[in-house]
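Each chain, letter by letter, is given below.
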Amino acid sequence: MPPAIVGREGPLTEQRFPIGDAPITFGRRSDCTVVIASRRASRLHAEVLREAGGYVLHDRESRNGTLVNGDRVTSYVLQPGDLITIGDETFCFEAAGEMETIMDALVLQSFIKSAAEPGPVLRVTISGGGPVGLSLALLLEHLMGQRVTITLYDGRWTQDGSRVVWKNEAQGNVRRQQVVTIQSRQYLNLPEEVQERLFSAGSYSEMWPTGPDSIRGFSPRNVRIAYVEDRLLEIANEKPDRIRLIPTGFDPVKHHETVVKDHVLAICEGGRSRTREHFTDKFGNADKSIYSLDGRHIQDVVLGLRVKSDLSDPMTILLTVAQNRFLLNALRGEGFLNMRLTDAEAEEVIGIDPIRHVFEECIASRPCLMARTDHGEFHCSTHGTLFLPALIRSSALWRRVMEGLVLFGVKEENLSAVTAFRLDMVQRPRFTAQLFSATSATPGTYGFLLGDAANAIHFWPGRGLNSGLASVISLARSLNRGWRGRPFRDADFIRHEAAMSMLQYRHKSRAWKAMVTTDEQGVTCAIKDKIVQGIEEGREGSDRDADINALMEILLQIRSRLAPRIPGMPDDTTLLDHLRELKSETLRTLLVSGPWDTLVVGGEEVDLDIFDRQDPPEAPALETPRVAKQVEERHEHTKLVARKSSDSILPG
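Before going into details, it helps to say that this report is about the structure given with it. For every chain, the first residue of its written sequence is number 1, and the numbers climb from 1 along that sequence. The model is predicted, so local features are restricted to residues of pLDDT at least 70 and side-chain atom pairs to those at 80 or more, both for listing and for counting; the totals for chains, interfaces and linings are taken over all residues. Neither water nor hydrogens contribute to the side-chain values; these are computed over all heavy atoms in the structure.

### Some points on the nonpolar core
Note that soluble globular proteins tend to have their nonpolar side chains buried in a common cluster.
And then number 1: Residues Leu122, Ile126 and Leu136 are the most contacted members of the largest nonpolar core, which totals 76 residues.
And then number 2: Starting at the N terminus, helices and strands are each numbered in turn, a helix being any DSSP run of H or I of at least four residues and a strand any DSSP run of E of at least two. Broken down by element, the residue count for this core peaks at 9 residues, all from helix 3 (residues 131–144).
And then number 3: Here, two residues are considered to be in contact whenever any of their heavy atoms come within 4.5 Å of each other. When near neighbours in sequence (up to four residues on either side) are disregarded, Ile126 contacts Gly133, Leu136, Ala137, Ile150, Thr151, Leu152, Tyr153, Ala266 and Cys268.
And then number 4: Within the second largest apolar cluster, 61 residues are counted, among which are Val301, Trp398, Leu582 and Trp596. Buried residues of nine kinds, namely Ala, Val, Leu, Ile, Met, Phe, Trp, Tyr and Cys, make up a nonpolar core once their side-chain atoms join them within 4.5 Å. Each residue gets one of three labels from its accessible area relative to the maximum for its type: buried under 20%, exposed over 50%, partly exposed in between, using a 1.4 Å probe on protein chains only.

### Examining the packing of aromatic side chains
And then number 1: Between 30 and 60 degrees the pair is tilted, below 30 it is stacked and above 60 it is edge-to-face, where a pair is any two Phe, Tyr or Trp rings, Trp via its six-membered ring, whose centres lie within 6.5 Å. Evaluated as defined, the whole model comprises 14 aromatic pairs.
And then number 2: An aromatic cluster of at least three residues, connected via ring pairs, comprises Tyr446, Phe448, Trp483, Phe488 and Phe493.
And then number 3: Residue placement shows Arg221 over the ring face of Phe199; its charged tip is 4.8 Å from the ring centre. Working rule: Lys NZ or Arg CZ, within 6 Å of ring centre, within 35 degrees of ring normal, means a charge sits over the ring.

### As for helix 17 (residues 527–539)
And then number 1: Multiplying 1.5 Å by the helix residue count minus one yields the expected span of that helix. Between its first and last C-alpha atoms helix 17 spans 19 Å; for 13 residues at 1.5 Å apiece the expected length is 18 Å, and the two agree.
And then number 2: Those residues of helix 17 not exposed but buried are Ile527, Lys528, Lys530, Ile531, Gly534, Ile535 and Gly538. The buried residues of helix 17 occupy one face: seen down the axis, they fall within an arc of 150°. Arc, as used here, means the arc of the directions from the helix axis to the C-beta atoms.

### Digging into the sheet that holds strand 6 (residues 54–59)
And then number 1: Think of it this way: DSSP has to see at least two bridges between two strands before they count as a pair. The 5 strands are arranged 4-3-5-6-9 in an open sheet whose pairing can be described as mixed. Of all strands in the sheet, those with a lone pairing partner are strand 4 (34–35) and strand 9 (75–77), marking the two edges.
And then number 2: Where strand 3 (residues 24–27) lies against strand 4, 2 bridges are found, and the strand directions are parallel. Within strand 4, the residue paired with Phe26 across the bridge is Val34.

### Brief notes about the pattern of salt bridges
And then number 1: Only one rule defines a salt bridge in this text: a Lys or Arg side-chain nitrogen within 4 Å of an Asp or Glu carboxyl oxygen. Scanning the entire structure with this criterion turns up 41 salt bridges.
And then number 2: Of the charged contacts, one joins Arg60 and Glu47 as a salt bridge, the two residues approaching to 2.9 Å between their closest N and O atoms. Remark: Glu47 occurs in strand 5 (residues 46–51) and Arg60 occurs in the loop between strand 6 and strand 7 (66–68); sequence separation between them is 13 residues.
And then number 3: By relative accessible area, which is 14% here, Glu47 ends up buried.

See below:
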């Protein structure tokens, strides 16, 4: 009897698939030898080939991996009795006799040895261990297994026994408590292990509706950045055989001899990357002109207020989308209320040293987080400064901060910290570059810009982390596909460079519209300048009742579009009463700033699957005709909503 794959557990139990000279394939595709309906299986998941007289199981870059006797494998020489697990199915490799399945003992021993060795190993260095750098390390390890080794640097870490952990505030690292919204187009392409750890019960919320970036009917998910960083670093610590964590900042000069011997340097340090600037001659100079008006590079300064809102999620979404002065992104009411500042207000964002009586720009230039003390002051523990506007409570900026709290139902005692950051954008000529040429002693090192080092995105459309994760997914797939143990070429990264260019165009064109608008004559101007106009008109005594009515009209129009997707929207009386609590200057400013330009925020998204042979995530497995029909109906509903809605309001 010829050797065969026999179903042991799952719908294919007792079914027998004889193995001959032709490959036997496993997956969801209808042309596979063994068609597996489980949604955990990939379209082409694994394959058994006859090689040198034996049978070898190869994982074909599956999303959830292939197990043999409980261990994940990339290539494995099968022996009688081995149990193969793919998705929800378990198979047994059976053979009638040793001669039918393997070569003689000496040849087998040599063959098993060669199959166990992974061959040439891809050496990767990652500078920057935030969510983007850690995600790249974990995705590469997931896809490539023993074919890759990764060294990851970050100066915000410290050694704690055998583990690397994040430094705390006393050690000079202020953790980022901002809430981000991760789109399902990104998180469903992360390893399943990462998804399970990131989205454990109670760690996230789904306050935003599905939209064009929502696939397979899964909603965007709100989660705190510090939580994401903790979970990803925790997982990376568990993989010391392939991921080496170095708790120090990457220095392109100091670590030159190391990097020149590696194949890849992934630069994930953020928008102020020193490593990127070190290699400017390789990546090219950024162009500011495309994001300038009248020769002036537009820059937004944002005051970040850590708050706890008493309003419901539907109410905060409605208030956020209706204007361009404030944005609240929260997890069950706790998060950051971001306030777009005018140029004059930005000059007030300074600290004062209470001992030396000198002004410091630490909060505006580092940035620093100033936490509220028991005395109600906002103190920077790193530089020993106090937030000046909060000390001068009659200052114009602080009064407007208080109005922002009123708008979002935040009691003053529930404002616990302030920070600030600057946002500007540039056009990058390229994201991939050969940093060092191959020599007889070095493999040739390719560098890649990822995350904010590649594309700093305005927070209003909220695509920063999603753009970073998309760049990670694209690069990991390209490296996995292109690594053959030889020096890389530019041609190996054509798809990745194209994907990065699409991300830059899509996200930055949308982000630019979050920085500018048009005036009554159709002339483009900065939104922050419109806010100045609103403040001045409010001071001069605008018609308060007219402004309330105009804002109500905007809110009701937005509510009518969102109500089918977000239950629990506030009624007219609630909205009207809430607006009447605001001062005339605030009302006028909110009105003049205008609502989100959701026609620009919405629309088609960048789909990385068009560059890759990976399984399209839009195609879930259908276990039964009834389930198939339900999933299809849900998917069609999602697409219909995305087409009909002109205000995809998804940050993240």
